[in-house]
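Summary of the model geometry
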Amino acid sequence: MSNIKEVLLIDDDMSDQIIAKEAISGFDSSIVLLSAFDGEEALTLLSTTSSPDLILLDINIPGMNGHEFLEECFKREWFSTAVVMLTTSDQQRDKDRALQYDFVKDYITMPLETSLFGELVETLV
Amino acid sequence: MNNQQQLDYLQLAERMAGLGHWQLNLKQETLYWSDEIYAIHGVTPQTYSPKLNSAVDFYHPDDKTRVNDYVKNAIEVGEDFQFDLRIVRPSGEVRQVKSRAQCIKDDKGTVISVFGIFQDITKIKKTEDALRKANDELEEFTYRTSHDLRSPLISASKLLGIIEEKLGDGDVKKALEYLSPVRTSLDNLESLVTDILRLTRLNHSESELSLVDIKGFIDSLINKFDYIESFQQVEFSIIAEFEHEIAISKAHMTVILENLISNAIKYYDPEKQENYVDINISKIDDCLRIRMRDNGIGFPKTAREKKFKMFNRFHPRVSTGSGLGLYMAQKSAFKLGGKIEYQPLDEGSEFNVVLPLVKKKQGDNA
């Protein structure tokens, strides 16, 4: 069992949603996985009903991209959720740009594996 | 060659190079300009007599202090200088200039004059800027394609692995359910590769002109999209106030209109009972204007400024295109000397394609 009860995945790709779901449930089937398909949808979720323990964020999402989503989060005083980048980009400039925020805890490249998610949860605790 | 001939050739050489020379004589307190320097400043010896103070006044307000510093250092400590800055002609036209100066000293080391050359580099700067822009764009393109091409491949491959596991566990239902997103990932990859190839062709395609009946052309393009699921939901109407055939590049016209039309079909608003796209063809100030108004879902407010940039997608759940469509359409419009403008409507979008009407040469039928 982990301290992570609820994870929000921000990614519009259906395959990535399934891969994340499989990886997370393989680690702990009691974790609830919520989905947002773009940044705006995620911000609405976060400001209204949802308070996940962890956000998994892709960079290449429709509308505002992952980096712009982080900027929006930074502007909001109430925002304190841990964010982990989950993306196919292994570019240093993407890593640097994301990891400049204190609330961004890690940067991992896709695909998400059960073992990788396990390690991630350990470091977050 | 006598002195006069030498002077004449120097003047001709200066004109051909867009480069002039000047001399500041500190003993006599005079400033000499060659003819080309007058021309670069947009003045003549009849309208302007060069003086050090007033010559500095030609510089752009943001650049004046720097010029004053260079000149001061040259006169006081004999420091040569070189700079690329801007001047403003009396007409208000801004020109980019390159200036190089060398201090001439007497036996005691005192500066007695400053000699300089002065060149109009506006064209070179413009070319440099265009190259820099093209280079930045290419870098962004390479970065994005390497990412966007790998992404669906990684996802599809991983998901196929999960499907294999499910089949191994006898969970055929789940395995079948997961096949559909694999197909979507691969379809996305295919459409991205197709668009990248189209974009590459677009960059190299010549704007060969042919006579086009715009209304008929749009009609035929609309019907090409009957395979899109929402095609039957959208009602097109075309009003042609301008009905003449025009000479235009069919290749670029196709890129522009196909992208706008297919977007209008894909991004219709399923919440509305009636979905329409109104197209109006007119001629305004020697330009062809095609106005497309729809009552579709439009763009999210936060992302509007990015709509013509490459690799930008706006609507999750609706369609996962390559994010290159509007970028390519705008690029084609630029190639035709025109542009596409976007106007948000209360409900939907308005795009205005404005293209200059080119007069076709006789016997130049494609």
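Residues numbered from 1 in each chain as written. Chains lettered and ligands numbered in written order. Predicted model: local features only at pLDDT ≥ 70, side-chain atom pairs only at ≥ 80, totals over all residues. Heavy atoms only, no water.

Now for the overall build of chain B. Looking only at helices and strands, chain B features nine helices and 12 strands. For 366 residues, the compact-globule formula gives about 21 Å, and the C-alpha radius of gyration of chain B, at 31 Å, lies well above that figure. Oriented by its inertia axes, the alpha-carbon framework of chain B measures out at about 100 × 60 × 45 Å. A separation threshold of at least 6 residues defines the contact pool for chain B, and within that pool the share at least 24 residues apart is 60%. If you sum the accessible surface of chain B, you get close to 21300 Å²; carbon and sulfur atoms cover 49% of it. Computing the positive centroid from 49 side-chain charges and the negative centroid from 56, chain B places the two 2 Å apart. (Helix = DSSP H or I, 4+ residues; strand = E, 2+ residues; numbered from the N terminus. Rg over C-alpha atoms; globule rule 2.2 N^0.38 Å. Contact = heavy atoms within 4.5 Å. Areas by Shrake-Rupley, 256 points an atom, 1.4 Å probe, with all protein chains shown as cover. Lys, Arg positive; Asp, Glu negative; His and termini not counted. Charge placed at Lys NZ, Arg CZ, Asp CG, Glu CD.)

The predicted model of chain A averages 91 in pLDDT, with 98% of residues at 70 or higher. Mean pLDDT across the elements of chain A bottoms out in helix α5 (residues 114-124) of chain A (89) and peaks in strand β3 (residues 54-57) of chain A (96). (pLDDT = per-residue confidence, 0-100.)

Looking now at the sheet that holds strand β5 (residues 111-120) of chain B. Residues and elements named next belong to chain B. One open sheet accounts for five strands, arranged β2-β1-β5-β4-β3; its pairing is antiparallel. Each edge of the sheet is formed by a strand with only one pairing partner; in this case those strands are β2 (30-33) and β3 (81-88). The average angle at which neighbouring strand axes cross in this sheet is 25°, direction not considered. Note that strand β1 (residues 19-25) and β2 share four bridges and pair antiparallel. For L24, the partnering residue across the bridge sits in β2 and is L31. Against the sheet, helix α4 (residues 64-77) contacts β1, β3, β4 (94-105) and β5, and its axis sits at roughly 140° relative to β3. (Pairing = 2+ DSSP bridges. Axes fitted to C-alpha atoms, helices over the stretch in contact; angles between N-to-C directions.)

Let us look at the pairing of β5 of chain B. Each regular strand carries side chains that alternate between the two faces of the sheet. Residues and elements named next belong to chain B. When β1 meets β5, the two strands line up antiparallel, connected through seven bridges. If you follow L24 over to β5, its bridge partner there is V114. In this sheet, β5 lies alongside β4 in antiparallel orientation, the contact comprising nine bridges. Across the sheet, residue A101 finds its bridge partner in β5, namely G116. Where β4 hands over to β5, the hairpin turn is made up of five residues, of which G109 adopts a positive phi near 90°.

Residue and element names in this part refer to chain A. F117, G118, L120 and V121 are the residues of α5 that are buried. One side of α5 carries all its buried residues, which in axial view fall inside an arc of 160°. Exposed side of α5, more than 90 degrees from the buried face: S115, E119, E122 and T123 are the residues found there. Tucked inside the fold, the buried residues of α5 contact β1 (6-10), α1 (14-27), β3, β4 (82-87) and β5 (104-109). (Buried < 20%, exposed > 50% of the residue type's maximum accessible area, 1.4 Å probe, protein only. Arc of directions from axis to C-beta.)

This part takes up the sheet that holds strand β7 (residues 234-240) of chain B. All names here are of chain B. With mixed pairing, the five strands of this open sheet are ordered in space as β7-β9-β10-β12-β11. Unpaired on one side and paired on the other, β7 and β11 (339-345) mark the two borders of the sheet. Averaged over all pairs of adjacent strands, the angle between their axes in this sheet comes to 15°, without regard to strand direction. Of the strand pairs in this sheet, strand β9 (residues 275-284) and strand β10 (residues 287-294) are connected by eight bridges, and their pairing is antiparallel. Each bridged residue has a counterpart across the sheet, and for K283 the counterpart in β10 is L288. The sheet strands contacting helix α7 (residues 214-223) are β7, β9 and β10, and the helix crosses β7 at an angle near 170°. Sheet contacts for helix α8 (residues 250-266): β7, β9, β10, β11 and β12 (348-356); angle to β10, the most-contacted strand, approximately 15°.

As a further point, take the interface of chain A and chain B. Of the residues lining the interface, 31 residues belong to chain A; the matching set on chain B comes to 29 residues. Buried area between chain A and chain B, summed over both chains or domains, comes out near 2500 Å², and the portion from carbon and sulfur atoms is 47%. One salt bridge in this structure joins R93 of chain A and E140 of chain B, with 3.5 Å as the shortest N-O distance. At the boundary of chain A with chain B, the tally comes to nine residue pairs in polar contact (both at pLDDT 80 or more). If you list the elements that add at least two residues to the side of chain A that touches chain B, you get α1, α2 (39-47) and α4 (92-99) of chain A. Ranked by residues supplied to the side of chain A that touches chain B, first place goes to α1 of chain A with seven residues. Per-class residue counts for the side of chain A that touches chain B are 10 nonpolar, eight polar and 13 charged. (Buried area = accessible area lost by both parts, 1.4 Å probe. Salt bridge = Lys/Arg side-chain N within 4 Å of Asp/Glu carboxyl O. Polar contact = N/O pair within 3.5 Å; in protein donor to acceptor, adjacent residues only side chain to side chain. Nonpolar A, V, L, I, M, F, W, Y, C, P; charged D, E, K, R; others polar.)

All names here are of chain B. Relative to the helices and strands, R291 is located in strand β10. Despite its burial, R291 remains without a salt bridge, the nearest opposite charge being carried by E350 at 4.8 Å. If we skip the residues at most four places from it in the chain, R291 touches D278, I279, N280, E350, F351 and N352.

All right, on to the domain arrangement of chain B then. Here chain B is partitioned into domain 1 (3-120), domain 2 (123-204) and domain 3 (207-366). The centre of domain 1 of chain B, based on its C-alpha atoms, is set 51 Å off from the matching centre of domain 3 of chain B. (Domains from an automatic or database assignment.)

Tallied over the full model, the rule gives 16 aromatic pairs over all chains. Relative to F103 of chain A, the ring of Y101 of chain A has its centre 5.4 Å away and its plane inclined at 20°; by these criteria the two rings are stacked. In textbook terms, an aromatic cluster arises when at least three aromatic residues are bridged by ring pairs, as seen for F74, W78, F79, Y101 and F103 of chain A. The aromatic ring of Y143 of chain B is capped on one face by R93 of chain A, whose charged end is 3.8 Å from the ring centroid. (Phe/Tyr/Trp six-rings, centres within 6.5 Å; stacked < 30°, edge-to-face > 60°. Lys NZ or Arg CZ within 6 Å of the ring centre and 35° of its normal.)

Below, the discussion takes up the side chain of S230 of chain B. All names here are of chain B. Along the chain, the position of S230 falls in the loop between α7 and β7. Only 2.8 Å separates the side chain of S230 from the backbone oxygen of I265, close enough to count as a polar contact. Ignoring anything within four residues of it in the chain, the contact list for S230 reads I265, K266 and Y268.

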